[in-house]
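Secondary and tertiary structure notes
What follows is each chain in one-letter form.
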Amino acid sequence: MYAKLALNNAKRSLKDYVIYFVTLTICVSLFYAFLSLSSAHYELITEDSYNFEMLKQIMKYATYVITGLLIVLIGYVNKYMIKRRKREFATYMLLGIPQKNVAFMFFIETLIMGIVSIILGVFLGTLFSQVVTALILMTAEQDILFSFKLYIDTVLITFIFFIAMFCFIGFLNMHSLNKSKLINMLNDEKITEFKFKRGKAIYISVFIAAVLLYILCGYSIHRVLQGVGNSNLIQGNKMTYIAFALVAFIAGTYGLFYSLAYIVILIKERWITFKYEYTNLFLIGTIVSKIKTAPFLMATITLTFLGAALSFTLTLLLSQWSLGYLENRIPFDMAISSKLNSIKEVENVSKIDYGDIVKYLGSQPYNVEDYSQVEKYFVYDEELYTKGANDMPPLAIGLSDYNQLRKMLGYKEIKLKNNEFTTQWITTEDNKFIEEYIEDHSTLNIKGHKLKTSPIPYYKESIGHYIYDSFLGGLIVLPDEWCESLTLANKDFYATTTKKISFDEAIQLEQEYIPNWFMNNYKNILNREHQASPLIIRLKVAETNVILNSTLGMRILGIYGGTVLLMISLTVLALQQLSDSIEHKGRYHILRKLGIDNKQIGRIIFKQISIYFIIPIVLAVIGFYIFLYTFQSANSAVIDLYIGDKAFIFNISISLLLIIAIYMCYFVATYYTFKRNIDCK
């Protein structure tokens, strides 16, 4: 009998909590889709220059953490279901069913719902896994091939993970129900989370404090933006202002919702005309009753919604940032940079010759397309180059080496007169800083001869990040004959290949062949402290894999995390409204008896749900705009360089479309379920 009762209750719960059930099913399907990447049977067919093992490991563990957030939703919904049904449970007990059996029946009921959602979620997850695979292949610029498979190991993990969560919450519920007293169960549904217990002055003071906290948040952001590009304008630590802004926004949000219902009531009492106009009194009453009974929940939903929006947007922007950075970081297929001051005697630097590397590469299938051994020189007193990268002046390179690098990258060669020099800067350096530096260093004195800046005093085309030895991120380009009179500082090697190097070959070159070759030939001329790591070796294939793995990880997990947070907050909002439709069904029947037709009641429901959904979201949108504006203003130069205006707007648009689509689905589902509930007899 108990089994039949539990099964019938589970069927009823599926109908009453369809929004929660759908949320659970989608979350299971997303979990399966992302976790399937780490399956032993999962095959991602790409060319051999890509390796996504790192991405699989990221997905494997991060998916557990993000999905673990669902335990908050499951716990909340179970608590809500128990509260709504305590009177029903009390009736079972009055009919003679032992209290522990009632608790166990509820556990079985929720477990049945969970198992059904897992089964449906796994099958839906096979479709989502194809979307994830397509996203990876698109990012790696590979052909998209669909292959619908059910990975048994991932299915087992999905069942174990979610069943464990359901059992954990279920045992807590059984413990709670077993400890409940019969009299409390009969009256518990009348108890609200929060009531007005304080005086008028307290609520008004909290409201004013909330407004002041928002002003403090705005002031802190203003101070941070003042310091962008000019640290002298900001007093104190920038991180302190950011922390102030964050704490002030969070505290202000909780304060606002704590006092909001009371403030609305005060306004309602003074706005008599609006209060008694048509059904406004009824509408205001239902909205205020919900806000005042769950102020902390509403504030938490607001912050969760903000977190979801930031998760969507920031991860898309940062992943685009990473891809843009890759193009500027290492434009060559291979870059080898010998570390400054790693050679014991400076006259031995000229002994370094990368000819063996050229021969080795030429013997491989990928071959050498072009290469350059770039010599860099001390321009000023050599002692200035031993003080650390922060205070180090830029090194110089010869015009022929510089033009060879430009030729390899497809840039036009430059020309210099015998008494001229120019400069090359890292792409991220600010133009204003470069111009000020050149103005302060408009002439160079080399062996008693003065050189002046050329008509084009600086270039910023990307030639990679590894060629710059100082944090200034600059190089001085001199006519070759002047370099002959300078001391050689170090020698780098840059090469392009005719074909892509495979990932395994790149790792073998980077970690074995090149370090071993250098140590076998030049160990005796190295300073002892540099013998462990005398070179910076970077291959574009290996760097590309690292960036692609991290980029895809950010995109996938950002979308997944944002979706989970958004669905949790919207599910809670929807259940709050649907509980109102069940508990206060009688009010709507009274409206009908007063002559309000179904069309007008539909409008009241629409207004009620709209206002209830909009209040937390408006605050979250304000917070989102402030954060995005600050992010854009503080990083405008890098965003222009690595992301670009079009990609910036495109990524924000994509994230907003996803949010709006999910939001509208929940809104529409809540509206029609609400109407169905009050129409049921």
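Residues numbered from 1 in each chain as written. Predicted model: local features only at pLDDT ≥ 70, side-chain atom pairs only at ≥ 80, totals over all residues. Heavy atoms only, no water.

An unreviewed UniProt entry lists the chain under the name ABC transporter permease, with Irregularibacter muris as the source organism. Under the UniProt heading Subcellular location (unreviewed entry), the note attached to the chain is "Cell membrane". Comment text from UniProt for the chain, heading Sequence similarities (unreviewed entry), reads "Belongs to the ABC-4 integral membrane protein family." (UniProt positions renumbered as here; feature names shortened; annotations may be inferred.)

1. Considerations on the overall build of the chain
Looking only at helices and strands, one finds 22 helices and nine strands in the chain. By sequence separation, contacts in the chain at least 24 residues apart represent 85% of the contacts at least 6 residues apart. Surface accessibility of the chain: about 32,800 Å² in total, with carbon and sulfur atoms responsible for 61%. (Helix = DSSP H or I, 4+ residues; strand = E, 2+ residues; numbered from the N terminus. Contact = heavy atoms within 4.5 Å. Areas by Shrake-Rupley, 256 points an atom, 1.4 Å probe, with all protein chains shown as cover.)

2. Here's the deal with the pattern of salt bridges
This model, assessed by the stated rule, comprises six salt bridges. The residue E543 makes a salt bridge to R329 at a minimum N-O spacing of 2.5 Å. One end of the pair, E543, is in helix α18 (residues 540-583); the other, R329, is in helix α12 (residues 295-329), and 214 residues separate them in sequence. Note on E543: relative accessible area 11%, which makes it buried. With a closest N to O distance of 3.4 Å, K407 and D370 form a salt bridge. (Salt bridge = Lys/Arg side-chain N within 4 Å of Asp/Glu carboxyl O. Buried < 20%, exposed > 50% of the residue type's maximum accessible area, 1.4 Å probe, protein only.)

3. A short note on helix α5 (residues 99-139)
With 41 residues, α5 extends 56 Å between its outermost C-alpha atoms, agreeing within 8% with the 60 Å of an ideal straight helix rising 1.5 Å per residue. By the largest-angle criterion, T126 marks the main kink of α5, which is about 30 degrees. (Expected span 1.5 Å × (residues − 1). Bend = angle between axes of the 7 residues up to and from the residue.)

4. Thoughts on a negative patch on the surface
The grouping of D430, E435, E436, E439 and D440 at the surface amounts to a negative patch. On the secondary structure map, E436 appears in helix α15 (residues 431-440). What makes E436 partly exposed here is its relative accessible area of 41%. (Patch = residues over 30% accessible without salt bridge, like charges linked within 9 Å, V, L, I, M, F, W, Y side chains within 5 Å. Lys, Arg positive; Asp, Glu negative; His and termini not counted. Charge placed at Lys NZ, Arg CZ, Asp CG, Glu CD.)

5. Things to note about a nonpolar patch on the surface
Judged by side-chain polarity, L656, I660, M664, V668 and Y672 come together as a nonpolar surface patch covering roughly 460 Å² of accessible area. In this fold, L656 is placed in helix α22 (residues 645-679). Overall, the relative accessible area of 35% leaves L656 in the partly exposed class.

6. Structural notes on the side chain of N549
Among the secondary structure elements, N549 is positioned in helix α18. Since its relative accessible area comes to 2%, N549 is described here as buried.

7. A closer look at the packing of helix α3 (residues 53-68) against α18
Contact geometry of α3 with α18 gives a least axis separation of 10 Å together with a crossing angle of 20 degrees. Taken together, the axes of α3 and α18 are roughly parallel relative to one another. In this structure, the crossing between α3 and α18 has a hand that is right-handed. Contact with α3, carried on its side by E53, M54, L55, I58, M59, A62, T63, I66 and T67, involves N549, L552, G553, I556, L557, Y560, G561 and V564 of α18 and no other residues of that element. Residue classes in the contact of α3 with α18 are distributed as 11 nonpolar, five polar and one charged. (Axes fitted to C-alpha atoms, helices over the stretch in contact; angles between N-to-C directions. Parallel < 35°, antiparallel > 145°, perpendicular 65-115°, else oblique. Left-handed = near helix turned anticlockwise from the far one by under 90°. Nonpolar A, V, L, I, M, F, W, Y, C, P; charged D, E, K, R; others polar.)

8. Section: the confidence of the model for the chain
Confidence in the prediction of the chain, expressed as mean pLDDT, is 81, and 90% of residues score 70 or more. Highest mean pLDDT in the chain belongs to helix α14 (residues 399-408) (93); lowest belongs to helix α10 (residues 272-275) (61). (pLDDT = per-residue confidence, 0-100.)

9. Some points on the environment of T154
Its location among the elements puts T154 in helix α6 (residues 152-179). Along the sequence, T154 and L35 sit 119 residues apart, while their C-alpha atoms lie 6.6 Å from each other. If near-sequence neighbours (up to four positions away) are discounted, T154 is found in contact with Y32, L35, S36 and S39.

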